[in-house]
Each structure stands twice: as structure tokens, then as C-alpha cells.
Amino acid sequence: MGLEQVKTLELPVVSDVRGNLAVAEGGALPFAIARAYWLYDVPSGSMRGGHAHKSNQQILVALSGSFDVVLDDGKARRTVTLNRPDRGLYIPTGVWRELENFSAGAVCLALASEPYDESEYVRDYGEFLASANR
Ligand code: T46
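Every value quoted in this text rests on a predicted model; they were computed, and no experiment measured them.

Asks: Quick one: what's the story with the layout of surface pockets, residue by residue and with numbers?
Replies: Computed from the structure, the largest pocket encloses a volume of approximately 200 Å³. Lining the largest pocket are 16 residues; nearest its centre among them are Tyr-37, Leu-39, Gly-49, His-51 and Gln-58. Those elements that place two or more of their residues in the lining of the largest pocket are strand E4 (35-39), strand E5 (48-53), strand E6 (58-64), strand E10 (96-100) and strand E11 (107-112). Among the elements that take part in the lining of the largest pocket, E5 stands out by supplying four residues, more than any other. The residue makeup of the lining of the largest pocket, split by class, is eight nonpolar, four polar and four charged.

This is how it looks when you write it as C-alpha cells:
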């Protein structure tokens, strides 16, 4: 998979006088959700990620605040800023990601296609490049 498979998902929103409700649901997503986790209280200047996944796909959402996602498929790099709670960033397998420039109070929701399994991470950039360009 490469950067061409990365895409922004506009999540449906139900709005009324009480506020907004955004939905991430089954058939409208590229995969069935097996796990959700979230990053919060990220100190200014911290970097998260710094790895790719062999089999896990993900959708990232800035539930609050903003942060940048640097995406790299071994051939090209692209940075996407997430700053809206009704927009998801789909990241397929085989794409290196680094999350940086977290604003104060930023919350990153991650929806994952698989349960946590450390063995499907590629955390060494040299190893990632070798497999991406094989
Ligand atoms: C990603 C970015 C956005 C668990 O025990 N269960 C989990 O579901 C996860 C995601 C992590 N962990 C453990 C593994 C490590 O001991 O939590 C610790 C920190 O994980 P990591 O260094 O991978 O955290 P991030 O923020 O660098 O990366 C995470 C996800 O791992 C990754 O898939 O895309 O968030």
C-alpha cells in the first residue's frame, strides 16, 4: 500500500441546537473496527508514532485541538493536519506515520482494524524502507 490509498473521510454529523454528533460506523468505513484508543495530554514538542503496520489499518481523528500526521510510503512523504472532529484520516498498511505539533489539549482518537499486536509493527525505519522498496 502507498500514499495513494491514504484518504480523508468526512464523517457524518448530526447537528441540532444541543450541539453536534459525529459518527464512525461499520459499512461507511474502509474496515471493521476492532479497537479504539486515544492519545491525550501529549506534551508540546512530543512526537508519537514513528512506525508502520504490517497488517493493521487505522483511522485517526482529532477529537479536540490539532496535530500533524507525517505519512511516508518509502517513496514520498506527505503531511496532513488534523483539526476537525468530523474528519478521519485513513492510513492503510505499509505507511510510516509520525504525529507531531500537538496543540494544547489535543486528543487523537485512533480506530484500528485489529487488536493490539506488537509483532505487526515495523519500528525500524531502515527495515521499513527495505520492505517498502522491495
Ligand atoms: C499509531 C499511533 C497513532 C498497547 O498496549 N495497546 C495499544 O492498543 C496501543 C496502541 C499501544 N499499547 C502500548 C504499546 C507501548 O508499550 O502502549 C505503549 C505506547 O505505544 P506506542 O509507542 O506504539 O504509541 P504511539 O502513540 O507512538 O503509537 C500509537 C499506535 O501504537 C500506532 O499504531 O499509529 O498511536
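Additional details are given in the paragraphs that follow.
Asks: Hey, could you go over unusual backbone geometry for me, with residue numbers and the actual values?
Replies: With a phi close to 50°, Asp-41 is a non-glycine residue in the positive phi region. Overall, Asp-41 belongs to the exposed group, its relative accessible area being 67%.

Asks: Tell me what's going on with the site of the ligand, and back it up with residues and numbers.
Replies: Contacts to the ligand come from 13 residues, most closely from Arg-35, Gly-49, His-53, Gln-58 and Tyr-121. A distance of 2.6 Å separates an oxygen atom of the ligand from a polar atom in the side chain of His-53. Taking a 2 Å distance to the grid points as the criterion, the majority of the atoms of the ligand fall inside the largest pocket. Looking at the shell around the ligand, the elements with two or more residues in it are E4, E5 and E10. Among the elements that take part in the shell around the ligand, E5 stands out by supplying four residues, more than any other. The residue makeup of the shell around the ligand, split by class, is five nonpolar, four polar and four charged.

What counts, and at which threshold
- Residues numbered from 1 in each chain as written.
- Predicted model: local features only at pLDDT ≥ 70, side-chain atom pairs only at ≥ 80, totals over all residues.
- Heavy atoms only, no water.
- 1 Å grid on protein atoms, 1.4 Å probe; cavity = no way out; pocket = protein on both sides within 12 Å on 5 of 7 lines; lining within 4 Å.
- Points joined across faces, edges and corners; volume = space filled by probe spheres on them.
- Helix = DSSP H or I, 4+ residues; strand = E, 2+ residues; numbered from the N terminus.
- Nonpolar A, V, L, I, M, F, W, Y, C, P; charged D, E, K, R; others polar.
- Buried < 20%, exposed > 50% of the residue type's maximum accessible area, 1.4 Å probe, protein only.
- Near = heavy atom within 4 Å.
- Polar contact = N/O pair within 3.5 Å; in protein donor to acceptor, adjacent residues only side chain to side chain.
- Sits in = over half its atoms within 2 Å of the grid points.

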